[in-house]
Amino acid sequence: MSDQGPYHSSFHLRLLRPRYWGHWLIVLAMLFMAFIPLLVRDRLADVIASWMVNRDFLKKRRLVIRCNLERCFPDLSDSLYEQMARENVRAFCQTVLSLGELMWRSKKAQQRRIRIEDDGCLAKLKANGKPLLFLTPHTFGLDWTARALILAGFPMSNIFKPTGKPVFDYLMFKYRTSQGGVQFSRGEGMRTLVKSIRSGYCCLYVADQDHGMASSVFAPFFGTPKCTLPIMGRLAQAARAQVVPVIVGYDPHTHQFVLHVDEPLETLETDDLASATQMNRAYEKLISRFPADFMWSLKIFRNLDGTRPYPSPNREWRINTG
């Protein structure tokens, strides 16, 4: 593996070509949304969510959401599945409309949008001075998780995954590094990330997806065996880091992103199954705090003991929006 240094993205004139004009219109919309009143924007998010929840372009994702909810919460009624799906789409819209704030709003404005619930844990971690690995699931507010930690005094280094859309990649790089921190490309591998953690940067560790059976084990996730990467303990050991579970959820009543911080994991398992099980239990606890904000549309059970858990897209599930 090569040590190429941090990932960098800069503006160049090619981004102004006509093929990208539609992307720049979206950027202008994000700029506008960053400065309109929060109450108005959240109501707009409600309207958009109600419109899009049963659209045909979400048909496959609705089925994935339903299958994931049925496997994780098998005892719920149809009406509760529908309620969770509606809240999930609403949380997505609320968060997407807020992303322009990370680019264009001031540090003080961003701090007002964040509430931290940690019982003094972050202050203790900062005073301790040990390297930190923040374990967090795929939530819509993942960028707000990183921003909240940066504003709390924890410099971040993370892997940057390009979208293939240069305008959005440039924008994401700019707002992810606007308050400090570094981004590494996926080609850099874990060794570069470990070095950055040892040197004083913190890292968000997001490993709740199904990455295939070749390098995974089946560990329980909300009672269902899930294909899980078993490297959390070894990664933390290599980086000499503490693992701290965190999650961000959106509170529509206060119009704030809430960063919840659990106590660091005391004893890190290094056995594959034990490590994967420990990580999934931490994820269960985090997701249960903000279930609407988790990306239930991800195929987290893509490999389920060799079976295919997701139904044919010909099946239909429409959600009652009344």
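Presented here is an overview of the structure given in this document. Only a predicted model underlies this, so the values are computations on that prediction, with no experimental measurement involved.

A separate point is the overall build of the chain. A tally of regular secondary structure across the chain gives twelve helices and nine strands. Against the 2.2 N^0.38 benchmark of 20 Å for 322 residues, the chain shows a C-alpha radius of gyration of 20 Å, consistent with a compact globule. Taken along the three principal axes of its C-alpha coordinates, the chain extends 50 × 50 × 40 Å. In the chain, which comprises 322 residues, the share counted as buried stands at 50%. Computed over 43 positive and 29 negative side-chain charges, the separation of the two mean positions in the chain equals 8 Å.

Positive phi, close to 50 degrees, is recorded for Asp-119, a residue that is not glycine. Tracing the backbone shows Asp-119 in the loop between β1 (114-117) and α7 (121-128). Note on Asp-119: relative accessible area 75%, which makes it exposed. Of note, Phe-222 is a non-glycine position whose phi angle comes to about 50 degrees, a positive value. Along the chain, the position of Phe-222 falls in the loop between β6 (217-221) and β7 (224-228). On the basis of relative accessible area, Phe-222 is assigned to the buried category, the value being 15%.

Next up on the list: the packing of aromatic side chains. Going through the model one piece at a time under the given rule, you end up with twelve aromatic pairs. Residues Trp-51 and Phe-57 carry aromatic rings whose centres are separated by 5.9 Å and whose planes lie at 45 degrees to one another, so their mutual orientation is tilted. Given the relative accessible area of 48%, Trp-51 is considered partly exposed. The interplanar angle of 55 degrees and the centroid separation of 5.2 Å between the aromatic rings of Phe-73 and Phe-222 together place this pair among those described as tilted. Here Phe-222 lies in the loop between β6 and β7 and Phe-73 lies in the loop between α3 (59-72) and α4 (78-96), a separation of 149 residues in the sequence. Among the aromatic residues, those joined into a cluster by ring pairs are Phe-73, Phe-221, Phe-222, Phe-294, Trp-296 and Phe-301. Sitting over the face of the ring of Phe-154, Lys-126 holds its NZ or CZ atom 5.5 Å from the ring centroid.

A separate point is the side chain of Gln-278. For Gln-278, the location among the structural elements is in helix α12 (residues 272-289). Taking relative accessible area as the criterion, Gln-278 reaches 15% and is therefore assigned buried. Residue contacts for Gln-278: discarding those within four places in its chain leaves Met-232, Leu-265, Thr-267, Leu-268 and Glu-269.

A separate point is the pairing of strand β8 (residues 242-251). When you tally the buried positions in β8, you get nine out of ten residues, the bulk of the element. In this sheet, β8 lies alongside strand β2 (residues 132-135) in parallel orientation, the contact comprising four bridges. In the strand pairing of β8, Leu-132 is matched with Gln-242. The hairpin formed by β8 and strand β9 (residues 256-261) contains four residues between the paired strands, and His-255 there has a positive phi angle of roughly 60 degrees.

Let us now look at a nonpolar patch on the surface. Residues Leu-25, Leu-28, Leu-31 and Phe-35 make up a contiguous nonpolar surface patch of roughly 400 Å² in combined accessible area. Note that Phe-35 resides in the loop between α1 (21-33) and α2 (38-52). On the accessibility criterion, Phe-35 (48% relative accessible area) is partly exposed.

Counting residues in hydrophobic clusters, the biggest one holds 54 residues, and the most contacted among them are Leu-133, Leu-135, Tyr-205, Phe-221, Tyr-283, Trp-296 and Ile-300. Looking at this core element by element, the count peaks at six residues for α3. Ranked by size, the runner-up nonpolar core spans 38 residues in total, among them Leu-171, Cys-202, Val-244 and Val-261.

The rules behind the values
- Residues numbered from 1 in each chain as written.
- Predicted model: local features only at pLDDT ≥ 70, side-chain atom pairs only at ≥ 80, totals over all residues.
- Heavy atoms only, no water.
- Helix = DSSP H or I, 4+ residues; strand = E, 2+ residues; numbered from the N terminus.
- Rg over C-alpha atoms; globule rule 2.2 N^0.38 Å.
- Buried < 20%, exposed > 50% of the residue type's maximum accessible area, 1.4 Å probe, protein only.
- Lys, Arg positive; Asp, Glu negative; His and termini not counted.
- Charge placed at Lys NZ, Arg CZ, Asp CG, Glu CD.
- Phe/Tyr/Trp six-rings, centres within 6.5 Å; stacked < 30°, edge-to-face > 60°.
- Lys NZ or Arg CZ within 6 Å of the ring centre and 35° of its normal.
- Contact = heavy atoms within 4.5 Å.
- Pairing = 2+ DSSP bridges.
- Patch = residues over 30% accessible without salt bridge, like charges linked within 9 Å, V, L, I, M, F, W, Y side chains within 5 Å.
- Areas by Shrake-Rupley, 256 points an atom, 1.4 Å probe, with all protein chains shown as cover.
- Salt bridge = Lys/Arg side-chain N within 4 Å of Asp/Glu carboxyl O.
- Core = buried A, V, L, I, M, F, W, Y, C linked by side-chain atoms within 4.5 Å.

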